Amino acid sequence: MRVLAEVHRRDGYPVNWPARPGAWLSCGPLLGSWVAELEGRPVGHVGLSRSGEGDLAPTLWSERNGTTREATAVVGRLFVAPWARGRRIGALLIGRAVREARHHGLHPVLDVVASDIAAAALYERLGWELMATVEQAWSPRQTVAVRCYAAPRTGLRPA
């Protein structure tokens, strides 16, 4: 939780700080989650889950590919400690989640807040396809622009 709190203070991720951060990291129909360590210290996290209500990327991908949302897996809860960046940790975590999705026969998708330029740049360096930027209602008083991505059909490009 300390790394997540550090990322939130520095980068504003997650946009809305969860009341129960531990539960937030493992919420939804989770297929797996992974923690990266560097020199014995946790430095990053990624999760992989089934498509949930309100997830836009699975719908976009399934409509474009003539399949169902159930054919996707959502990569999420990705963060890397600010002091550990620049070491390919984010790319390695994404790669691990992608391999797991494919192991289950699912196509990886994700969304990211449009203002998170660094995350979007990482996904694009790895070959993820931007499907759309859409407005998503997170609550009656909060609408956020999110960029929806789909993983490349084959291996990820090196970051």
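The coordinates are above.
Fair warning: this is a prediction, and the values are worked out from it, not measured in the lab.

### Some details on helix H5 (residues 117–125)
So, step 1. When we look at burial in H5, the residues that qualify are Ala119, Ala120, Leu122 and Tyr123. Angular distribution of buried residues about the axis of H5 spans 155 degrees; they occupy a single face of the element. Exposed side chains of H5 directed beyond 90 degrees from the buried face belong to Ile117 and Ala118.
So, step 2. Buried residues belonging to H5 abut strand S3 (72–80), helix H4 (89–103), strand S4 (107–113) and strand S6 (142–150).
So, step 3. Backbone geometry just downstream of H5 places Gly127 in the positive-phi region, at approximately 95 degrees.

### Notes on unusual backbone geometry
So, step 1. Residues Tyr13 and Pro14 are joined by a peptide bond in cis, for which omega reads -5 degrees.
So, step 2. Note on placement: Pro14 falls in the loop between helix H1 (2–11) and helix H2 (21–25).
So, step 3. Here the phi dihedral of Arg77 falls at roughly 55 degrees; this positive angle occurs in a residue that is not glycine.
So, step 4. Relative to the helices and strands, Arg77 resides in strand S3.

Conventions we followed
- Residues numbered from 1 in each chain as written.
- Predicted model: local features only at pLDDT ≥ 70, side-chain atom pairs only at ≥ 80, totals over all residues.
- Heavy atoms only, no water.
- Buried < 20%, exposed > 50% of the residue type's maximum accessible area, 1.4 Å probe, protein only.
- Helix = DSSP H or I, 4+ residues; strand = E, 2+ residues; numbered from the N terminus.
- Arc of directions from axis to C-beta.
- Contact = heavy atoms within 4.5 Å.

Such coordinate-based values are descriptive only and should not be taken to indicate function.
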